[in-house]
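# Survey of secondary and tertiary structure
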Amino acid sequence: MSQRIALFGGSFNPIHSGHLIVARSVAEQLHLDRMILLPSASPPHKTAQTLLDPRHRAEMVKLAIADEPIFEFSDYDLTREGPCYTVDTVAHFREELGLDVILHWLIGADSLAELTSWYRVRALVDSCRIITAARPGWDKIDFEVLRTRLSEDHIASLRAGLIDTPRIDISATDIRRRNRAGRSIRYLMPEAVRDYICKHALYQDC
Ligand code: ATP
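What you are looking at is a predicted structure, and each value in this text was computed from that prediction instead of being measured. (Residues numbered from 1 in each chain as written. Predicted model: local features only at pLDDT ≥ 70, side-chain atom pairs only at ≥ 80, totals over all residues. Heavy atoms only, no water.)

## Remarks on the overall build of the protein chain
Along the backbone of the protein chain there are 10 helices and 6 strands. Radius of gyration (C-alpha) of the protein chain: 17 Å, near the 17 Å computed for a compact globule of 206 residues. Across its three principal axes, the protein chain shows a C-alpha extent of roughly 50 × 35 × 35 Å. Residue burial in the protein chain is summarised as follows: out of 206 residues, 48% are buried. Between the centroid of the 26 positive side chains of the protein chain and the centroid of its 28 negative side chains there is a distance of 5 Å. (Helix = DSSP H or I, 4+ residues; strand = E, 2+ residues; numbered from the N terminus. Rg over C-alpha atoms; globule rule 2.2 N^0.38 Å. Buried < 20%, exposed > 50% of the residue type's maximum accessible area, 1.4 Å probe, protein only. Lys, Arg positive; Asp, Glu negative; His and termini not counted. Charge placed at Lys NZ, Arg CZ, Asp CG, Glu CD.)

So, in structure tokens, the structure goes:
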């Protein structure tokens, strides 16, 4: 039987329980064999200003997934040259894993809303199954906007990839703000990640 693998990219600045609960739910619902988490060096859609050193973001991802056998860490997006386009990352893993594998790319509903701005979006949707997890505030997806750059087949495939995951109202932006303001970030991420943030005094002035 074909292996079922999902790639989950993000800035993970820092990784939090929203990422993890959603990823676990997707792994369960899609009967995944593996889920590979890929922190990105400099995501095309984010400002570099608040982006923490890749070394720290990678370390926090590793700590967060340490006792979950299905989850793996990859530094592919952190270490490769040039801009970090998802379509290129998927092509790399397709080549590495083979044509037999059923390959998914996991995003949150906020990312689906801005998919038309992604580099070579049609090729991306053709190259893997885009799985879109629910995210509070993003219950209504505007497929008309997506139609401006995608065919009906692409839209159908994106619709098929919508998945009902727990709605977890946690964002990395809010975590960074809270930490900077001296408010608690407890329970918003695994304790090991919170310890790491405290130990290295991260997100104090970003
Ligand atoms: P920031 O607040 O810095 O923009 P973020 O919390 O959105 O960060 P990212 O690392 O940018 O986290 O997200 C990586 C992927 O995970 C994106 O596709 C995003 O939509 C998804 N994601 C992040 N948080 C959640 C959440 N709470 N529920 C569902 N999807 C999420």
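We are not done yet, so read on.
## A word on the pairing of strand 2 (residues 34-39)
A large share of strand 2 lies buried, amounting to 5 of its 6 residues. Judged from the 6 bridges that link them, strand 1 (residues 4-10) and strand 2 form a sheet pairing that is parallel. Looking at the pairing, G10 lines up with P39 of strand 2. Relative to strand 3 (residues 71-73), strand 2 runs parallel, the two being bridged by 3 bridges. The residue of strand 3 that forms the bridge with L37 is F73. (Pairing = 2+ DSSP bridges.)

## Some points on the sheet that holds strand 1
One open sheet accounts for 6 strands, arranged 3-2-1-4-5-6; its pairing is parallel. Of all strands in the sheet, those with a lone pairing partner are strand 3 and strand 6 (162-163), marking the two edges. Direction of pairing for strand 1 relative to strand 4 (residues 102-108): parallel, over a ladder of 5 bridges. Residue pairing across strands places A6 opposite H104, the latter belonging to strand 4. Contacting strand 2 and strand 3, helix 2 (residues 54-65) crosses the sheet at an angle of about 160° to strand 3. (Contact = heavy atoms within 4.5 Å. Axes fitted to C-alpha atoms, helices over the stretch in contact; angles between N-to-C directions.)

## Quick notes on the pattern of salt bridges
Tallied over the entire structure, the rule returns 12 salt bridges. Notably, a salt bridge pairs D53 with R55, separated by 3.4 Å at the nearest N-O pair. Judged by its relative accessible area of 56%, R55 is exposed. For E152, the salt bridge goes to R147, with nearest N and O atoms at 2.6 Å. The exposure class of E152 is partly exposed, given its relative accessible area of 48%. One salt-bridge network, held together by shared partners, links D139, D164 and R167. (Salt bridge = Lys/Arg side-chain N within 4 Å of Asp/Glu carboxyl O.)

## Notes on the side chain of H154
Here H154 shows up in helix 8 (residues 152-160). A distance of 3.0 Å separates a polar atom in the side chain of H154 from a polar atom in the side chain of S151. Look past the residues within four positions of H154 in its chain and what remains in contact with it is R122, V125 and D126. (Polar contact = N/O pair within 3.5 Å; in protein donor to acceptor, adjacent residues only side chain to side chain.)

## Some words on the packing of aromatic side chains
With the rule as written, the count across this model stands at 3 aromatic pairs. On the basis of an interplanar angle of 80° and a centroid distance of 5.8 Å, the ring pair of Y76 and F93 is categorised as edge-to-face. Taken together, the residues span a long stretch of sequence, with Y76 in helix 3 (residues 76-79) and F93 in helix 4 (residues 86-97) at a distance of 17 residues. Lying across the ring of F143, R159 places its NZ or CZ 4.0 Å from the centre. (Phe/Tyr/Trp six-rings, centres within 6.5 Å; stacked < 30°, edge-to-face > 60°. Lys NZ or Arg CZ within 6 Å of the ring centre and 35° of its normal.)

## A short note on helix 4
Compared with the 16 Å implied by 1.5 Å per residue over 12 residues, the 16 Å span of helix 4 between its first and last C-alpha is a close match. Along helix 4, the residues that are buried comprise T86, V87, T89, V90 and F93. For helix 4, the buried positions fall inside an angular range of 160° around the axis, keeping them on one side. Facing away from the buried surface of helix 4 by more than 90 degrees, the exposed residues are E95 and E96. Contact partners of the buried residues in helix 4: strand 1, strand 2, helix 3, strand 4 and helix 6 (121-127). The first or second residue beyond helix 4 is G98, which carries a positive phi of 100°. (Expected span 1.5 Å × (residues − 1). Arc of directions from axis to C-beta.)

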